[in-house]
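Working through the structure, step by step
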Amino acid sequence: MTVDMVGAAWVLPLAFILQGVSAALIMVRLLRGPTAPDRVVAIDALTLLGVAVVALVALATAQAVLLDAAVVLALVSFLGTTAFMLMFAPRKTAAERRAGELATGEQRGDELYGAADGGPDGGRGA
Amino acid sequence: MNGSLLAWLASALVLGGAAFCLIGAIGVLRLPDCYSRMHAASKAGALGAAMVLGGVAAATSGEVALEAMFALLVLLATAPLAAHAVSRAAHKVGVKPLTGALGDALAAREAAGEAAGARAAEASGVVGGPVAKS
């Protein structure tokens, strides 16, 4: 692939520096974060930043295959964040822990149905 | 002319995307609350990454536009889902949000659902009124 940019000699290094500063700021939040969800949010932000950095590296080295790595990184970031959400899900009994994913799915399903039923009711009430 | 326009667009998109990533990172560091930090990370961060990917598509004159657009689509589809999942899980664990004048609507809805018991679905439709009034 041929890269055609205006001022690529200084745009790409400047973009890399900005991304590096962003990564440092997010790392501060990741290390400091008072609660666990803060750290998960920081990890989510870091992987989003990683997608951008991989795209920048693809530009700087003119390697088109790195964009596939960006796609995979975005997907894995989503899976990782969802796994952290399952880790936070409150589980009380051993049966629930065994069927942990199923239990959280049931809870969410109930609330989703509640919201779906609530929509038309709210419309009629208003 | 078309090529130089795309080259300008590519530089602008890459620099703007990097700047948005920086703004999102400052938000993740400085905002007071887990939920508002999620806001900064998922919106500014996703927009920054999307702009950088658009810059990649423009810099190669559309040569790798298909791959870049696919990455962009995956990013825009998964980032809001992940942010919503994290904030919902944080609320379930018991992290209190800093609330403004409108209060915590999800907590009010869950409290009403527990009170109503089996008729939780009905209660969640009713509870919109008190939250909006308070």
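Read on for a plain summary of the structure. (Residues numbered from 1 in each chain as written. Chains lettered and ligands numbered in written order. Predicted model: local features only at pLDDT ≥ 70, side-chain atom pairs only at ≥ 80, totals over all residues. Heavy atoms only, no water.)

Description of the interface of chain B and chain A
Contacts between chain B and chain A engage 55 residues on the former and 50 residues on the latter. Note on chain B versus chain A: buried area summed over both sides is about 4,500 Å², and carbon and sulfur give 76% of it. Here Arg-37 of chain B ties to Asp-38 of chain A by a salt bridge, and the two come within 2.5 Å at their closest N and O atoms. At the junction of chain B with chain A, the criterion picks out eight residue pairs in polar contact (both at pLDDT 80 or more). Among the elements of the structure, α1 (2–30), α2 (34–59), α3 (65–93), α4 (105–116) and α5 (120–126) of chain B are those that each provide at least two residues to the side of chain B that touches chain A. Per-element tally for the side of chain B that touches chain A: the top contributor is α3 of chain B, with 17 residues. A breakdown of the residues in the side of chain B that touches chain A according to their chemical character gives 39 nonpolar, nine polar and seven charged. (Contact = heavy atoms within 4.5 Å. Buried area = accessible area lost by both parts, 1.4 Å probe. Salt bridge = Lys/Arg side-chain N within 4 Å of Asp/Glu carboxyl O. Polar contact = N/O pair within 3.5 Å; in protein donor to acceptor, adjacent residues only side chain to side chain. Helix = DSSP H or I, 4+ residues; strand = E, 2+ residues; numbered from the N terminus. Nonpolar A, V, L, I, M, F, W, Y, C, P; charged D, E, K, R; others polar.)

Overview of helix α3 (residues 66–88) of chain A
Its 23 residues give α3 of chain A an end-to-end C-alpha distance of 33 Å, which sits within 8% of 33 Å, the value for a rise of 1.5 Å per residue. Listing the buried residues of α3 of chain A in full gives Leu-67, Ala-70, Val-71, Ala-74, Ser-77, Thr-81, Met-85 and Phe-88 of chain A. (Expected span 1.5 Å × (residues − 1). Buried < 20%, exposed > 50% of the residue type's maximum accessible area, 1.4 Å probe, protein only.)

Quick look at the packing of α3 of chain A against α3 of chain B
It is at 9 Å that the axes of α3 of chain A and α3 of chain B come closest, and there the two elements cross at 10°. As judged from the angle between their axes, α3 of chain A and α3 of chain B are roughly parallel. Relative to α3 of chain B, the crossing made by α3 of chain A is left-handed. When its residues are assigned to classes, the contact of α3 of chain A with α3 of chain B shows 18 nonpolar, two polar and two charged. (Axes fitted to C-alpha atoms, helices over the stretch in contact; angles between N-to-C directions. Parallel < 35°, antiparallel > 145°, perpendicular 65-115°, else oblique. Left-handed = near helix turned anticlockwise from the far one by under 90°.)

As for helix α1 (residues 8–32) of chain A
Taking 1.5 Å per residue as the helical rise, α1 of chain A with its 25 residues ought to reach 36 Å, and the 36 Å between its terminal C-alpha atoms agrees with that figure. Three or more residues of α1 of chain A are buried, namely Val-11, Leu-12, Ala-15, Leu-18, Gln-19, Ser-22, Leu-25, Ile-26, Arg-29 and Leu-30 of chain A.

Focus: empty space enclosed by the protein
Rolled over the atoms, a probe as big as a water molecule pinpoints where empty space is left. Applying the stated criterion to the full structure yields three cavities of 30 Å³ or more. Computed from the structure, the second largest cavity encloses a volume of approximately 50 Å³. Residue lining of the second largest cavity: Ile-26, Ala-45, Leu-48 and Leu-49 of chain A together with Cys-21, Gly-24, Ala-25, Ala-41 and Gly-45 of chain B, and that is the complete set. Contributing elements (two or more residues each) for the lining of the second largest cavity: α2 (36–61) of chain A together with α1 and α2 of chain B. In terms of residue class, the lining of the second largest cavity is made up of seven nonpolar, two polar and no charged. (1 Å grid on protein atoms, 1.4 Å probe; cavity = no way out; pocket = protein on both sides within 12 Å on 5 of 7 lines; lining within 4 Å. Points joined across faces, edges and corners; volume = space filled by probe spheres on them.)

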